Amino acid sequence: IEAGLEVEITAEDPPGTQVEKQDTKAVLPDSSKTLISALDLDSSGSMGSNDPQKLRKAAAKQFVDELGADDQVGVFDFGAGKTGLFSSTRMLSDFTTDKAKAKAAIEEIKASGGTPMYKSIVEVLLYFNKKFAAGSSNRALVVLGDGKPNGGGTLVAACATAKTAGIPINTVGF
């Protein structure tokens, strides 16, 4: 498979959502560019029962292990508080090539608090887009959680922010 290959995808709205249906174009990343990714993990109280084995942390660490030497990853979470510039997100590790540092940040995640998932997605995307210009690298946001937001924000705002920034959102549910 070659970079630049385009795939057209049409998807139905999930039940109960009011997202406008759109055709989506997926393009394979340019393999000559580094990957810069942000991991945004759900650390809300519901994860204590929805992910008692902490599989989201194991999956995030495995993701970090698969990164190339020049790839960067930032580690964020939502539900357990906020740091710095953020109102609904903690930055546990800024973008780094240091895999041990990223995995240590992932290990800090605990289950407590509400689930401001959509607000956190928007905050991480805005921060990400300011740090790394579009086209300079392959960029991606990976959200790991139970998919049950209750802390404000909207799916529409999260998707609009991702589209404007040109950063795809990948989700892993637990």
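Cut-off values and rules
Residues numbered from 1 in each chain as written. Predicted model: local features only at pLDDT ≥ 70, side-chain atom pairs only at ≥ 80, totals over all residues. Heavy atoms only, no water. Buried < 20%, exposed > 50% of the residue type's maximum accessible area, 1.4 Å probe, protein only. Helix = DSSP H or I, 4+ residues; strand = E, 2+ residues; numbered from the N terminus. Arc of directions from axis to C-beta. Contact = heavy atoms within 4.5 Å. Pairing = 2+ DSSP bridges. Axes fitted to C-alpha atoms, helices over the stretch in contact; angles between N-to-C directions. Polar contact = N/O pair within 3.5 Å; in protein donor to acceptor, adjacent residues only side chain to side chain. Expected span 1.5 Å × (residues − 1).

**Some points on helix H5 (residues 155-165)**
- Among the residues of H5, Ala158, Thr161, Ala162 and Ala165 are the ones counted as buried. What you see down the axis of H5 is that its buried residues fit within an arc of 100 degrees, all on one side. H5 presents Lys163 and Thr164 as exposed residues on the side facing more than 90 degrees away from its buried surface.
- As for H5, its buried residues are in contact with helix H4 (117-131), strand E6 (138-145) and strand E7 (169-173).
- The positive-phi residue at the C-terminal boundary of H5 is Gly166, with phi of around 70 degrees.

**Things to note about the sheet that holds strand E4 (residues 72-78)**
- Strand order in this open sheet of 5 strands is E5-E4-E3-E6-E7, and the pairing throughout is mixed. Of all the strands in the sheet, the pair left with one neighbour each is strand E5 (90-96) and E7. Strand-to-strand twist in this sheet, taken as the mean axis angle between neighbours without regard to direction, amounts to 15 degrees.
- Of the pairings in the sheet, the one linking strand E3 (residues 35-42) to E4 comprises 7 bridges and is parallel in character. By the bridge assignment for E4, Asp42 is matched with Phe78.
- The sheet contacts of helix H2 (residues 55-66) involve E3, E4 and E6, and relative to E3 the element is tilted by about 170 degrees.
- Along the sheet face, H4 touches E3, E4, E5, E6 and E7 and points at about 160 degrees away from the line of E6.

**Concerning the side chain of Thr115**
- By the secondary structure assignment, Thr115 is in the loop between helix H3 (99-107) and H4.
- On the basis of relative accessibility, which here comes to 3%, the residue Thr115 falls in the buried class.
- Among the polar contacts listed, one links the side chain of Thr115 to the side chain of Ser44, at a separation of 3.2 Å.
- Ignoring any residue separated from it by four or fewer positions in sequence, one finds Thr115 in contact with Asp42, Ser44, Ser46, Phe78, Lys148, Pro149, Asn150 and Gly151.

**With respect to H2**
- Taking 1.5 Å per residue, 12 residues should reach 16 Å; H2 reaches 17 Å between its end C-alpha atoms and fits that length.
- Within H2, the full set of buried residues consists of Arg56, Lys57, Ala60 and Val64. Along the long axis of H2, the arc covered by the buried residues comes to 100 degrees, so they all point the same way. Of the exposed residues in H2, those oriented more than 90 degrees away from the buried face are Gln62 and Glu66.

Don't take any of this as a statement about function, it's just geometry.
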